[in-house]
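Chains, contacts and geometry: an overview
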Amino acid sequence: MFHAIQYNGTREENYELVIKQLQALIAGETNFIANLANAAALLNQFLHNINWVGFYLAEGEELVLGPFQGLPACVRIPFGKGVCGTAAQNKKTELVPDVHLFPGHIACDAASQSEIVVPMIKNGNVIGVLDIDSPMKNRFDDIDQHYLEKFVEVLVASL
């Protein structure tokens, strides 16, 4: 039986714990969509002050909506467009303190103020992105980036 837990350590310790939880959730499961769905749910209960967390999966030169937690979202995003498409095109994490200052930001949820997008790279190719939005400006920092990149590495390694 699953239930939400309290994370009482430092931010780093808490991230290490959630990565261990992810490893336990995906151990032995080969269905990537199921693993992404559980990963989104895990991050949704772990992270505070967010309003959307989920995945977009690469299909040709665009990203297509995958498993997520939050309000309905944009279904297709071309590489190079918005924060997600930029992260996919550049193959690097985009940490955006204020989405309204990001050129070409795509607003799926008007409440979003900041965003972090981590590309999922397998054999040098982008296979998708992890996208997390917050209704607060400056919600994400270098600690979030470091551990969310580790989180994505664990997911991609499960392929």
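This text goes with the structure placed above it.
About the cut-offs
- Residues numbered from 1 in each chain as written.
- Predicted model: local features only at pLDDT ≥ 70, side-chain atom pairs only at ≥ 80, totals over all residues.
- Heavy atoms only, no water.
- Helix = DSSP H or I, 4+ residues; strand = E, 2+ residues; numbered from the N terminus.
- Rg over C-alpha atoms; globule rule 2.2 N^0.38 Å.
- Buried < 20%, exposed > 50% of the residue type's maximum accessible area, 1.4 Å probe, protein only.
- Contact = heavy atoms within 4.5 Å.
- Areas by Shrake-Rupley, 256 points an atom, 1.4 Å probe, with all protein chains shown as cover.
- Axes fitted to C-alpha atoms, helices over the stretch in contact; angles between N-to-C directions.
- Parallel < 35°, antiparallel > 145°, perpendicular 65-115°, else oblique.
- Left-handed = near helix turned anticlockwise from the far one by under 90°.
- Nonpolar A, V, L, I, M, F, W, Y, C, P; charged D, E, K, R; others polar.
- Expected span 1.5 Å × (residues − 1).
- Polar contact = N/O pair within 3.5 Å; in protein donor to acceptor, adjacent residues only side chain to side chain.
- Salt bridge = Lys/Arg side-chain N within 4 Å of Asp/Glu carboxyl O.

**Here's the deal with the overall build of the chain**
- A tally of regular secondary structure across the chain gives 4 helices and 6 strands.
- Put simply, the chain runs from its N terminus to its C terminus through helices and strands in the order α-α-β-β-β-α-β-β-β-α.
- In terms of overall size, the chain behaves like a compact globule, its C-alpha atoms giving a radius of gyration of 15 Å where 159 residues would be expected to give roughly 15 Å.
- The principal-axis extents of the C-alpha atoms in the chain amount to approximately 40 × 30 × 25 Å.
- Looking at the chain residue by residue over its 159 residues, the buried ones come to 45%.
- Taking all contacts inside the chain whose residues are at least 6 apart in sequence as the whole, residues at least 24 apart take part in 52%.
- About 8000 Å² of surface is accessible on the chain, with carbon and sulfur atoms providing 54% of the total.

**Here we look at the packing of helix 1 (residues 11-26) against helix 2 (residues 32-46)**
- Direction vectors running N to C along helix 1 and helix 2 enclose 155°, while the axes themselves pass 10 Å from each other. Taken together, the axes of helix 1 and helix 2 lie roughly antiparallel to each other. Considering the relative orientation of helix 1 and helix 2, their crossing is right-handed. For the pair formed by helix 1 and helix 2, the contact residues are Asn-14, Tyr-15, Val-18, Gln-21, Leu-22, Leu-25 and Ile-26 on the first element and Asn-35, Asn-38, Ala-39, Leu-42, Gln-45 and Phe-46 on the second.
- A per-class count over the contact of helix 1 with helix 2 returns 8 nonpolar, 5 polar and no charged.

**Focus: helix 4 (residues 142-157)**
- The terminal C-alpha atoms of helix 4, which comprises 16 residues, lie 23 Å apart, in line with the 22 Å expected from a rise of 1.5 Å per residue.
- Among all positions of helix 4, only Asp-144, Tyr-147, Leu-148, Phe-151, Val-152, Val-154, Leu-155 and Val-156 are buried.
- Where helix 4 is buried, its residues meet helix 1, helix 2, strand 1 (52-59), strand 5 (114-122) and strand 6 (125-134).
- With a side-chain oxygen positioned 3.0 Å from the backbone nitrogen of Ile-143, the residue opening helix 4 is Asp-141.

**As for unusual backbone geometry**
- One non-glycine residue, Lys-91, lies in positive phi territory at about 55°.
- Positionally, Lys-91 belongs in the loop between helix 3 (82-90) and strand 4 (94-96).
- According to the relative accessible area criterion, Lys-91 is partly exposed, its value standing at 42%.
- Located in the positive-phi region is Asn-138, a residue other than glycine, with phi close to 55°.
- Counting through the fold element by element, Asn-138 comes out in the loop between strand 6 and helix 4.
- Judged by relative accessible area, Asn-138 falls into the exposed class, the value being 56%.

**Observations regarding the pattern of salt bridges**
- One pass over the structure, following the stated rule, counts 8 salt bridges.
- Arg-11 is the salt-bridge partner of Asp-144, the closest N and O atoms lying 3.0 Å from each other. Pair noted here: Asp-144 is in helix 4 and Arg-11 is in helix 1, with a separation of 133 residues, a long-range link.
- Looking at Arg-11, the relative accessible area reads 34%, which means it is partly exposed.
- Arg-139 is paired through a salt bridge with Asp-144; the nearest N and O atoms lie 3.5 Å apart.
- Residue classification places Arg-139 among the buried positions, given a relative accessible area of 15%.
- The exposure class of Asp-144 is buried, given its relative accessible area of 1%.
- Connected through salt bridges with shared partners, the residues Arg-11, Arg-139, Asp-141 and Asp-144 form a single ionic network.

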